[in-house]
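Structural description and commentary
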Amino acid sequence: MSRFNQSKFKLAGFVILLLIFLLFFGILSGFKNIVFKITQPFSRAFYGLSQRVNDSIGWWQYRESFAEIQNKLELEIKDLALDQVALLKLKEENQILRQNLDFFNQKNYDYKLANLISKTSPSYLNNTDQENLWIIDRGWQDNLKKDYAVIVPRQTNQNTVEGFLVGKIFKVEKNQSWVLPVLANQSKIAAKILSQQQTTGLVEGMYNQNLKMDLIPQDQEIYQGDLVITSGLEPGMPGDLILGRVKEIEETNLQKIFKTALIEPLINFDHINLVTVLIPHAE
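Position numbers for residues start from 1 in each chain and track the written sequence from start to end. In keeping with the predicted nature of the model, local features appear solely for residues at pLDDT of at least 70, side-chain atom pairs appear and are counted solely at 80 or more, and the whole-chain, interface and lining totals rest on all residues. The side-chain figures draw on all heavy atoms in the structure; neither hydrogens nor water molecules are used.

Within the protein chain, the regular secondary structure consists of two helices and 12 strands. Secondary structure elements follow DSSP: runs of H or I of four or more residues count as helices, runs of E of two or more count as strands, with numbering from the N terminus. From first element to last, N terminus to C terminus, the protein chain shows the α and β order α-α-β-β-β-β-β-β-β-β-β-β-β-β. Contacts are assigned to residue pairs that have any heavy atoms within 4.5 Å of one another. In the protein chain, the share of contacts with a sequence separation of at least 24, taken over all contacts with a separation of at least 6, comes to 57%. Here the accessible surface of atoms and residues is derived via Shrake-Rupley with a 1.4 Å probe, and residues count as covered only by protein chains that are part of the display. Summing over all exposed atoms, the protein chain offers an accessible surface of approximately 18,800 Å²; the carbon and sulfur share of this is 57%.

Looking now at the pattern of salt bridges. Definition used for salt bridges: Asp or Glu carboxyl oxygen within 4 Å of a side-chain nitrogen of Lys or Arg. This structure, assessed with the given rule, holds three salt bridges. We note a salt bridge from Lys 146 to Asp 147, for which the minimum N-O separation is 3.5 Å.

This part covers the nonpolar core. To form a nonpolar core, buried Ala, Val, Leu, Ile, Met, Phe, Trp, Tyr and Cys residues must be joined to one another through side-chain atoms within 4.5 Å. Exposed residues in this analysis have more than 50% of their type's maximum accessible area, buried residues have under 20%, and partly exposed residues fall in between, with area computed by a 1.4 Å probe over protein chains only. Counting 42 residues, the largest nonpolar core has Ile 136, Leu 165, Val 166 and Val 228 as the members making the most contacts within it. With residues near it in sequence (within four places) discarded, Val 166 still touches Trp 134, Val 150, Ile 151, Val 152, Leu 180, Pro 181, Val 182, Ile 267, Phe 269, Ile 272 and Val 275. Judged by nonpolar contacts, the second largest core, of five residues, contains Leu 133, Ile 135, Trp 178 and Leu 180.

Our focus in this paragraph is the confidence of the model for the protein chain. For every residue, the predictor states its confidence as a pLDDT score lying anywhere from 0 to 100. On average, the protein chain scores 76 in pLDDT, and the residues at 70 or more come to 59%. Mean pLDDT across the elements of the protein chain ranges from a minimum in helix H1 (residues 3-24), with 60, to a maximum in strand E5 (residues 177-181), with 94.

A word on the pairing of strand E8 (residues 210-217). The sheet contact formed by strand E7 (residues 200-206) and E8 spans five bridges and is antiparallel. When the bridges of E8 are listed, Val 203 appears paired with Met 213. Between E7 and the antiparallel strand that follows it, E8, lie three residues; Tyr 207 among them carries a positive phi value of about 55°. For two strands to be treated as a pair, DSSP must find at least two bridges joining them. Where E8 meets strand E11 (residues 258-264), five bridges bridge the pair, whose relative direction is antiparallel. Counted as the bridge partner of Pro 217 is Phe 258 from E11.

Quick look at the environment of Gly 225 now. Its location among the elements puts Gly 225 in the loop between E8 and strand E9 (227-230). Taking the C-alpha atoms as reference, Gly 225 lies 4.9 Å from Val 246; in sequence the two are 21 residues apart. Residue contacts for Gly 225: discarding those within four places in its chain leaves Arg 245 and Val 246.

This part is about the packing of aromatic side chains. Think of it this way: a Phe, Tyr or Trp ring, Trp meaning its six-membered ring, pairs with another when their centres are within 6.5 Å, and the plane angle makes it stacked under 30 degrees, edge-to-face over 60, tilted otherwise. This structure, assessed with the given rule, holds one aromatic pair. Centroid distance Trp 134 to Phe 269: 6.3 Å. Interplanar angle 55°. Geometry classified as tilted. Here the residue Trp 134 occupies a position in strand E2 (residues 134-136), and Phe 269 occupies one in the loop between E11 and strand E12 (274-279), the gap between them amounting to 135 residues. Here Phe 269 falls in the buried class, since its relative accessible area comes to 9%. Directly above the aromatic system of Phe 170 lies the positively charged group of Lys 146, at a separation of 6.0 Å from the ring centroid. Both a distance and an angle decide whether a charge sits over a ring: NZ of Lys or CZ of Arg must be within 6 Å of the ring centre and within 35 degrees of the ring normal.

Here we take up a nonpolar patch on the surface. By definition, no residue in a patch forms a salt bridge, and every one has over 30% relative accessible area; like charges are joined within 9 Å, nonpolar side chains (Val, Leu, Ile, Met, Phe, Trp, Tyr) within 5 Å. A cluster of nonpolar side chains, contributed by Leu 215, Ile 257 and Phe 258, occupies part of the molecular surface with about 290 Å² of accessible area. Take Phe 258: it is sitting in strand E11. Overall, Phe 258 belongs to the partly exposed group, its relative accessible area being 36%.

Attention shifts here to the environment of Asp 240. Take Asp 240: it is sitting in the loop between E9 and strand E10 (242-249). The class of Asp 240 is partly exposed, set by a relative accessible area of 43%. Spatially, the C-alpha atom of Asp 240 lies 5.2 Å from that of Ile 229, the residues being 11 residues apart in sequence.

Relative to the assigned elements, Lys 168 resides in strand E4 (residues 161-172). Setting aside chain neighbours within four positions, we find Lys 168 in contact with Asp 147, Tyr 148, Val 150, Trp 178, Val 179, Leu 180, Lys 188, Ile 189, Glu 234 and Met 237.

Examined bridge by bridge, E10 and E11 share four bridges and lie antiparallel to one another. Bridged to Val 246 within E11 is Ile 263.

Looking at the secondary structure, you find Lys 174 in the loop between E4 and E5. Each C-alpha atom of the pair Lys 174 and Asn 143 lies 9.6 Å from the other, and the pair is 31 residues apart in sequence. Apart from residues lying up to four places away in sequence, Lys 174 is in contact with Gly 139, Trp 140 and Gln 141.

The subject of this paragraph is unusual backbone geometry. In this model, Leu 215 sits at a positive phi of 60°, which is unusual for a non-glycine residue. Positionally, Leu 215 belongs in strand E8. One non-glycine residue, Asp 240, lies in the positive phi region at around 70°.

Below is the structure:
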């Protein structure tokens with residue numbers, strides 16, 4: 001080892017021993033305080049900076065976690081909403097089926113349940129009122145024929161289930177049929193007044209909104225609020241199916257042979273999804 005290196009080691013050893021001596025007797029405590037005071041602001045600033053960096057990292061991590069939780073909750077809410085809609089639809093269908101069962105336990109009818117699958121009709125039907133036709137998922141393989149009654153059983157205010165006429169079969173194919181609603185302009189149904197069995201007339205549709213009862217003899221009584229039902233005088237159409245209630249009566253004109261009454265339907269046609277086709281026993 002060279003003489004220069006030996007000198008360096010001796011000097012380093014001397015410095016270390018001197019520092020130990022000075023620290024042992026507290027001689028460097030003042031110098032240590034000075035150094036601490038000088039470096040304290042920098043240490044505080046560095047510590048604050050590190051805290052802010054940690055807080056920022058934590059906030060971004062929290063934000064990402066919150067966004068994931070929010071997305072998860074939104075998906076769960078959508079799923080619950082869909083489940084609720086499905087349950088409400090199932091409840092409505094079960095109620096309709098119960099009303100069908102109650103109605104057909106009282107009446108001696110054969111019938112077929114059918115789903116309403118469309119309210120449009122193809123142009124090849126050559127029908128001047130095409131836009132008013134409904135399409136159902138039953139056809140001649142289910143014994144359906146033209147002019148058969150299409151109804152929806154509903155519970156009345158008297159807690160009895162009655163059949164409300166909504167249309168009749170217009171055209172039949174193998175697996176589907178077209179229904180002409182009673183509200184359509186082309187629809188014409190032989191009818192009578194429930195409380196006045198001798199009062200008869202012809203119920204026609206009025207622009208998919210209301211019904212009117214025409215050809216009522218002037219000498220026959222009719223009152224506002226009277227219930228209008230089918231008379232059963234036409235083929236394939238049973239009697240006593242409800243059409244609506246008399247809303248307004250045309251002023252009597254003695255020069256006319258017949259009078260007219262405005263009939264208000266008692267069900268909402270926009271909410272019809274499931275219907276029943278009545279099949280005569282002879283079929």
